[in-house]
Amino acid sequence: MMQNNVNNTNYVSEFRQDFAIIANWVKFGSKVLDLGCGDGELLQYLRNSLEVKGYGVEKDDANWLACMQNGSNVIQMDLEDGLSGFEDQSFDTVILSQTLQAMHHTEEIVQEMLRVGREVIVTFPNFGYWRNRLQILTGNMPVSKTLPYQWFDTPNVHLCTIHDFDQFCKNHNITVLERRVITDAQAVEFMPNLLGNLAMYRLKASS
Amino acid sequence: MLENNSVGIVVAQCAHFDTPLTLKSGAVLPAFDLTYETYGTLNHDKSNAVLICHALSGTHHVAGKYSENDKYPGWWDNLVGPNKPLDTNKFFVIGVNNLGGCHGSTGSASVNPVTGKPWGSTFPIVTVEDWVNSQARLLDFLGIPTLAAVIGGSLGGMQALQWTLAFPNRVRHALVIASAPNLTAQNMAFNEVARQAIITDPEFHDGDYYAHNTVPRRGLRIARMLGHITYLSDDAMGAKFGRKLKSNIQYSFDAEFEMESYLRYQGDKFAGEFDANTYLRMTRALDYYDPALPFNGDLTSALKQAKAQFLVVSFTSDWRFSPARSREIVKALLDNELTVSYAEVTAAHGHDAFLMPDAHYHNILRTYLSNIEIGGNDAK
């Protein structure tokens, strides 16, 4: 029996709940690289609110065009190939927003981001969120607003929990400058790995 | 018949320049002509001009036809016209035949006023830098202080790039398509074979074949055949011709495969209308262009003086000007914190793709060009 309460066919990219927090972590007028920038919505938001000098990286033709239509600079390339087109420490902030879980070369892209950016922002859906756990307990792969795909058509290949990512940072000698966990745009302080839907990290390479 | 969104019937014009032009080689051209065409209307504050730079065999005849009975329109007619990606309702578009060309601008086949004979072998070797300098003279002549954009594919892309280096304050946008910051050894090698085909043709006469009332047709034909192979991808040639025979195998060296017919046809056509000395000089300009050379090969330093905003486009199946070469340009622009977008278009046609009306490719150009702001009375 299907247990999904969310009709994923109606999922649209409404104002993403992580944008405001990301904007808080980005400095006014700074230089920003948004990896997997989609249609450029975040870049446009940061440009309008913080006058950043922004560049997007996007592989998909339709998204690339949408970016250009909204006036964003966009470089067409595959993140799985790394960031060799970008110099060390050449950006104030490199952002990977809700894309980490769809990357095959997870370790490589995080290392590359830390190489290119003085700071790095990574956000991802927390697989440890109780609703995901509940769906698994009832025998189904989770489908929700932040995980809007069926098991057979999901681009997500490396889902993780907040605990997993904390451990990842520790093992890879990455400094976590700040961590925010939210559910429906509300901050989650208590038991974030269980009650948090979306995890947001501000990182830098450990010196 | 003219299609609805054609620029219509066009007329080529000629501008004469009397101020000597010092070339990169040190040679001085005392005077020269540039043949050009324009489409659309220059607005009041002269802010809507777009210059199109042509590639190896291109001309000033970019769009439209010379008469209703003309079989073919200009070489980039699919791009330029009312409501086309490069919209002549918005922009004033200029096509120019490069110096050293053979379509009206001063070149080897032109008469040297000093001798009263064709320049022939004595016409100097011109470079991408020289072309851009001469094009700037044309802008002066037309009263255009600044280009809204310069656009070019292949060798034309090199000119677009050079515009941003030579005249950073006279160009707001550069569209560099299927191009490279210099040629690789392999790419130059193709040029060398093409030139050797021409130079070793007995009719070449050291470049002074005009005096002998002949042309090195065979050499030029082979040069063009070679070029055509490199402009197509293996897949595109396979799809177009495969191993198709015209009839049965004849056990001869005639054009038995359709691919052979195509190459011979293209070679013959080209040899009948293009000047061999121009071909030699165009390939040499390609070889010599290397803006990073004075900077010990550091392209980032070379592009430091650029101020324009850039769109760089490459095509996945283009092996003569591969995406990797475009990415070098993009990296150098990013290193200089310039405004740049880069599209890598999935296309099967190889280098020729930049001239094809692929829907996504044209959407890219249309979107970029429609974002360009122009003042005056022609705001979109």
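For clarity, every value in this text was computed on a predicted model and none was experimentally measured. (Residues numbered from 1 in each chain as written. Chains lettered and ligands numbered in written order. Predicted model: local features only at pLDDT ≥ 70, side-chain atom pairs only at ≥ 80, totals over all residues. Heavy atoms only, no water.)

Side note on the overall build of chain B
Moving on, step 1. Tallying secondary structure elements over chain B gives 10 helices and 14 strands in all.
Moving on, step 2. Here chain B has a C-alpha radius of gyration of 20 Å; the compact-globule value for 380 residues is 21 Å, and the two agree.
Moving on, step 3. Expressed as lengths along the three principal axes of its C-alpha atoms, the size of chain B is roughly 65 × 50 × 50 Å.
Moving on, step 4. Within chain B, buried positions represent 57% of all 380 residues.
Moving on, step 5. Taking as baseline every contact in chain B between residues at least 6 positions apart, the subset at least 24 positions apart corresponds to 72%.
Moving on, step 6. A total of about 15600 Å² of accessible surface is found on chain B, and carbon and sulfur atoms cover 53% of it. (Helix = DSSP H or I, 4+ residues; strand = E, 2+ residues; numbered from the N terminus. Rg over C-alpha atoms; globule rule 2.2 N^0.38 Å. Buried < 20%, exposed > 50% of the residue type's maximum accessible area, 1.4 Å probe, protein only. Contact = heavy atoms within 4.5 Å. Areas by Shrake-Rupley, 256 points an atom, 1.4 Å probe, with all protein chains shown as cover.)

Observations concerning the interface of chain A and chain B
In many analyses, interface size is given as the accessible surface area lost on bringing the parts together.
Moving on, step 1. On the side of chain B, 20 residues touch chain A, which itself brings 18 residues to the contact.
Moving on, step 2. The largest per-residue losses of area from chain A upon contact with chain B belong to L65(A), M68(A) and Q76(A), which jointly make up 30% of the total buried on that side.
Moving on, step 3. Here chain A and chain B share 2 salt bridges between them.
Moving on, step 4. The residue E337(B) makes a salt bridge to K31(A) at a minimum N-O spacing of 3.2 Å.
Moving on, step 5. At the junction of chain A and chain B, the tally comes to 11 residue pairs in polar contact (both at pLDDT 80 or more).
Moving on, step 6. Broken down by secondary-structure element, the contributors of at least two residues to the side of chain A that touches chain B are strand 2 (53–58), helix 3 (61–69) and strand 3 (73–76) of chain A. (Buried area = accessible area lost by both parts, 1.4 Å probe. Salt bridge = Lys/Arg side-chain N within 4 Å of Asp/Glu carboxyl O. Polar contact = N/O pair within 3.5 Å; in protein donor to acceptor, adjacent residues only side chain to side chain.)

Describing the pairing of strand 3 of chain A
Residue and element names in this part refer to chain A.
Moving on, step 1. Burial of the side chains of strand 3 extends over both faces: N73 and I75 are buried on one face and V74 and Q76 on the other.
Moving on, step 2. In this sheet, strand 3 lies alongside strand 2 in parallel orientation, the contact comprising 4 bridges. Directly across from V57, in strand 3, lies its bridge partner I75. (Pairing = 2+ DSSP bridges.)

Description of a nonpolar patch on the surface
Residues and elements named next belong to chain A.
Moving on, step 1. Taken together, the side chains of W130, L134, L137, F190, M191 and L195 make up a nonpolar region of the molecular surface, amounting to roughly 630 Å² of accessible area.
Moving on, step 2. Sorting elements by how many residues they give to the nonpolar patch places helix 5 (residues 130–137) first, with 3 residues.
Moving on, step 3. Looking at where M191 falls in the secondary structure, it is placed in the loop between strand 7 (186–187) and helix 7 (192–195). (Patch = residues over 30% accessible without salt bridge, like charges linked within 9 Å, V, L, I, M, F, W, Y side chains within 5 Å.)

That's the geometry; what it means functionally is another story.
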